[in-house]
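# Structure at a glance
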Amino acid sequence: MNFVCQQCKQPLQLDASLVDLSPSAYDMVAASLPPGPATYGRQASESEKLAQLPSPATVKAAWQQSTQNHPGSPSSSSPRAQRKSQRASVLPNESFVLLQDSIIRNIPSPLPTPSHSKKQSFSKARNSNLPAAAPAPSQEEAAHPNSAPLSHHLRSTLRLFNLLSSRTEIDHPLCAECTHILLEELNSRLEETKKQRDGYIAFEKEVKKEKEREGEGISKEEVELKIQKLKEEEHLAVEKLQAAEREREQLDVELKALEREEKALEEEEAEFWRIHNVQLLKSAEQASQLAALKAAYAADSATLEKLERTNVYNDAFCIGHDGVFGTINGLRLGRVPGVPVEWAEINAAWGQTLLLLYTIARKVEYTFENYRLVPMGSFSRIERTTGDKAIYELYGSGDLHLGRILHNRRFDFGMVAFLDCLKQLVDYVKSQDPQVDFPHQIAKDKIGEASVKLQFNQEEVWTRALRHVLLALKILLKWTTNGSNG
């Protein structure tokens, strides 16, 4: 036999304590249950209703005395009439029969539903005034009188559930979840009932206090004084309320003014932040421009410094040596036996040498006396500005003819004039800066004891003299390109 919850209709598994329920435990559970619903419908007598009232004992005694003096009251009626009225008031479904435990255990009752068992018991009670010893057998038992009875434990459990369903408002059995919900609902009802009870108790106390005050008997003058005092208090309360209203209106006006001021400040703040953001953008743009200008300035400064350190004269007139030869821009100046140097190279070297002397003089703004330099590459010359105003070529030739002797003579005069111009410029530089030191002295046609003339001179001596000339020009160039002198 399966049991289902009477609320959610889910199958149940009974606890072992219900299966092995003893008769004593059954009696204990039955005794702890409230009385059946039949007793709830019974009308209470006047004495019971009077006993349930929370009135003082003196009031209850006066009420009983007044009801006894009136023969028409229910309490003064005869006991027979009372019995008739009670018998008439009892409903037909409120009759019940108490059975012995031994009888209950010996009756093989069927397994009807709680509502069906209630209806059968109520119909039997209406149709018979005699106490029933046991319930009538069901249709299945009448049809099968020799069928085996159900288990004693199941019958006991079923009787317990029927008893619980008949004594309470809830059908049993119930599952754990439905029982939990039922307990929560009953607890909430209990709390509400407690609150109602507390309210009734407080109301009863107030009623008692009111009756005590009425019993003391306050005079009319005291009541009028009290009323007057209450009116004064009411007047003061009204005045305070009006003052509070006026103050509230004033505060509302101030609040509106403050709100307008706050709105104006918010607009001003928004405008300020807008201007601030514009200024920040302008500042960022200007900072970017300034950074770009600084970067450009740094680059230009580095370029300028590099250019200042760069000596264009050294790049234009690179003086060095190649063995015994002095060189200018890679051109050898001079000749020695065994190393043939073309006159074209020598003439080009003399053109670069004359151009260097001319450039240095122009940079230091010096004008030569008696001579004018005419740099023309491989055909450069020196013109005399005083006396016969002769022109001296500063280039030679290797042709073998009679005119070569005359040409070499003018070539020697040109080299001597060049050496004279060099001596003038060296003396000028020494007058400007005495610390400048030239290793070779210049005297007439010699520099460092070596003559610059080619005729009647050895080629090694002539080459050494020309190397000394280039060294003097290099010292002049270095002094000229110095920052303090340029």
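This report concerns the structure included in the present document. Every value quoted in this text rests on a predicted model; they were computed, and no experiment measured them. (Residues numbered from 1 in each chain as written. Predicted model: local features only at pLDDT ≥ 70, side-chain atom pairs only at ≥ 80, totals over all residues. Heavy atoms only, no water.)

### Digging into the nonpolar core
Counting residues in each nonpolar core, the largest one holds 53 residues, and the members touching the most others are Trp350, Leu357, Phe418, Leu422, Trp462 and Leu473. In terms of residue count, the dominant contributor to this core is helix H16 (residues 459-480) (eleven residues). Each residue touching Phe418, except ones within four places of it in the same chain, is listed here: Trp350, Thr353, Leu354, Leu357, Ile382, Leu394, Val469 and Leu473. (Core = buried A, V, L, I, M, F, W, Y, C linked by side-chain atoms within 4.5 Å. Buried < 20%, exposed > 50% of the residue type's maximum accessible area, 1.4 Å probe, protein only. Helix = DSSP H or I, 4+ residues; strand = E, 2+ residues; numbered from the N terminus. Contact = heavy atoms within 4.5 Å.)

### A few points about helix H14 (residues 343-363)
When the terminal C-alpha atoms of H14 are compared, their 30 Å separation across 21 residues agrees well with the 30 Å that a helix rising 1.5 Å per residue should span. Judged by how many residues are buried, H14 sits mostly within the fold: 15 of 21 residues are covered. One or two positions beyond H14, positive phi appears at Glu365, with a value near 60°. (Expected span 1.5 Å × (residues − 1).)

### Brief notes about the environment of Trp462
One can find Trp462 in helix H16. Of the residues examined, Trp462 reaches a relative accessible area of 0% and is grouped as buried. Separated by twelve residues in sequence, Trp462 and Ala450 have C-alpha atoms that sit 6.9 Å apart. Ignoring anything within four residues of it in the chain, the contact list for Trp462 reads Gly334, Arg335, Trp343, Ile346, Trp350, Phe411, Met415, Ser451, Val452, Lys453, Leu454 and Asn457.

### Focus: the pattern of salt bridges
In this structure the tally under the stated criterion is eleven salt bridges. Measuring nitrogen to oxygen at the nearest pair gives 3.0 Å for the salt bridge that ties Arg248 to Glu245. Linking Arg248 with Glu245, this pair stays in helix H12 (residues 220-309), spanning three residues, or about one helical turn. Overall, Arg248 belongs to the partly exposed group, its relative accessible area being 43%. The salt bridge involving Arg410 is made with Glu393; its shortest N-O contact spans 2.9 Å. (Salt bridge = Lys/Arg side-chain N within 4 Å of Asp/Glu carboxyl O.)

The values reported here are purely geometric and, on their own, carry no functional implication.
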